[in-house]
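# Architecture at a glance
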Amino acid sequence: MTVITNIEDLRLLAKRRVPRMFYDYADSGSWTESTYRANEADFERILLRQRVAVDIDNRSLRSTMIGQDVAMPLAIAPTGLTGMQHADGEILAARAAKKFGIPFTLSTMSICSIEDVAEATGGHPFWFQLYVMRDRDFIARLIDRAKAANCSALVVTLDLQVLGQRHKDLRNGLSAPPKLTIPNLINMATKPRWCMGMLGTSRREFRNIVGHVKGVENMGSLSEWTAKQFDPRLSWNDVAWIKERWGGKLILKGIQDVEDAELAVKSGADALIVSNHGGRQLDGAPSSISALPSIVAAVGDRIEVHMDGGIRSGQHVLKALALGAKGVYIGRAFLYGLGAMGQEGVEKALAIIQRELDLSMAFCGRTDVRQVDRSILVPGTYPQ
Ligand code: FNR
């Protein structure tokens, strides 16, 4: 492939370059994958109004998310095992985000640790995503480590107390590092770039966790470990405790329902993310873009509303902003770039989306992304 024009090109290249186990981990949803598919498909039903003969000379995509300046209202979503899509993946994605002037969110389940990313990006602030585990001492220490690393927001994920079943991960025996079974070895032998990268780094396990939790030297399979360690008792009381311990900007991730959005407002968090975890948890839940408008209508300006799920283009970003999101996150769109071409691929993904967003906004006759609202959409084509 010579010219990369869109995110789909990056996906196809990633599929060629990343071992099957990790490519499948990214490109899958739970059970029938209906919510995973709907996240993307529901964007296509929403139509944009083309306007002409409007002065669109000076355009700006600059905005803010939780009061922080962003070059465009888009952040990198937390994704587990990112350092398995490409060696040192979290570091590379964080560097790309820094270069672009957008937030990077590091997952609890990352390969590179909080400290690795802080060091590799020269102490530039990033966001840290927290999963709540049974071992509360460990959680307290993770929060303190995020503070020490200059993280400027804590993103608490509320929709993964139990793990959605993803068939491909079970079949592939997903683990980090991958088990050296004959089928895995055969598959990895066809991915020389990936193998060379992995041989060149020492970061091949969950470095936020291994060595920091008593008794965890080796995590075995991800699904077994999650079942043992993630806390199914998580409640709004824990959110209050975390908020107090953290003391900084707090974002709640995984809100899909208006009643939960109300509770998120009550918790005093700075933002909520309308998200169904990229269709990886409750299969049969509504797409994120269809859940967004009612949540925006319910909470008004009492809390900032962000969204993620299904964003593969700048047009998708524009539609989410039009329906009231103050900012959006990309998961797979950046993972495909990373798997395809490392840091350059993440930068490519961001540049593609930025350009699509800028041009689409211009075609709608608008010049300032902060002024975009539902008047740019064709009535009757968008969810209420
Ligand atoms: C995720 N997601 C996720 N979320 C989170 O809070 N912590 C995590 O560790 C992960 N891990 C993870 C791994 C992979 C491979 C994917 C694809 C997703 C969910 C993620 O933050 C986000 O909600 C979705 O990825 C958004 O959907 P799109 O952009 O991937 O369609």
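This section reports on the structure supplied with the text. Keep in mind the model is a prediction, meaning the values are calculated, not measured.

Calculation notes
Residues numbered from 1 in each chain as written. Predicted model: local features only at pLDDT ≥ 70, side-chain atom pairs only at ≥ 80, totals over all residues. Heavy atoms only, no water. Near = heavy atom within 4 Å. Polar contact = N/O pair within 3.5 Å; in protein donor to acceptor, adjacent residues only side chain to side chain. Areas by Shrake-Rupley, 256 points an atom, 1.4 Å probe, with all protein chains shown as cover. Helix = DSSP H or I, 4+ residues; strand = E, 2+ residues; numbered from the N terminus. Buried < 20%, exposed > 50% of the residue type's maximum accessible area, 1.4 Å probe, protein only. Contact = heavy atoms within 4.5 Å. Pairing = 2+ DSSP bridges. Axes fitted to C-alpha atoms, helices over the stretch in contact; angles between N-to-C directions. Parallel < 35°, antiparallel > 145°, perpendicular 65-115°, else oblique. Left-handed = near helix turned anticlockwise from the far one by under 90°. Nonpolar A, V, L, I, M, F, W, Y, C, P; charged D, E, K, R; others polar.

## Observations regarding the site of the ligand
Around the ligand, the structure places 23 residues, and the nearest of them are Pro-78, Ser-107, Thr-157, Asp-308 and Gly-310. Within the side chain of Ser-107, a nitrogen or oxygen atom sits 2.7 Å from an oxygen atom of the ligand. The contact in question runs from an oxygen atom of the ligand to an N or O atom on the side chain of Arg-332, over 2.9 Å. Notes on the ligand: free accessible area 600 Å², of which the protein chains cover 99%.

## Considerations on the side chain of Asn-276
Turning to its location among the elements, Asn-276 is positioned in the loop between strand E8 (271-274) and helix H14 (288-299). By relative accessible area, which is 6% here, Asn-276 ends up buried. Only 3.0 Å separates the side chain of Asn-276 from the backbone oxygen of Pro-286, close enough to count as a polar contact. Beyond its immediate sequence surroundings of up to four residues, Asn-276 is in contact with Thr-35, Asn-39, Asp-159, Gln-256, Gln-281, Pro-286, Ser-287 and Ser-288.

## Thoughts on the sheet that holds E8
For sheets, the rule is that strands pair by backbone hydrogen bonds, running either parallel or antiparallel. Strand order in this open sheet of eight strands is E3-E10-E9-E8-E7-E6-E5-E4, and the pairing throughout is parallel. Looking at which strands have only one partner, the edges of the open sheet turn out to be strand E3 (74-76) and strand E4 (105-106).

## A few points about the packing of helix H13 (residues 258-267) against H14
Taken N-terminus to C-terminus, the directions of H13 and H14 make an angle of 40°; their axes are 9 Å apart at the nearest point. Between H13 and H14, the crossing angle belongs to the class labelled oblique. Regarding H13 and H14, the two cross each other, and that crossing is right-handed. Residue-level inspection shows Val-258, Ala-261, Glu-262 and Val-265 of H13 in contact with H14, the latter providing Ser-294, Ile-295, Ala-298 and Val-299. Its residues assigned to classes, the contact of H13 with H14 shows six nonpolar, one polar and one charged.

Function cannot be inferred from these measures alone, as they are strictly geometric.
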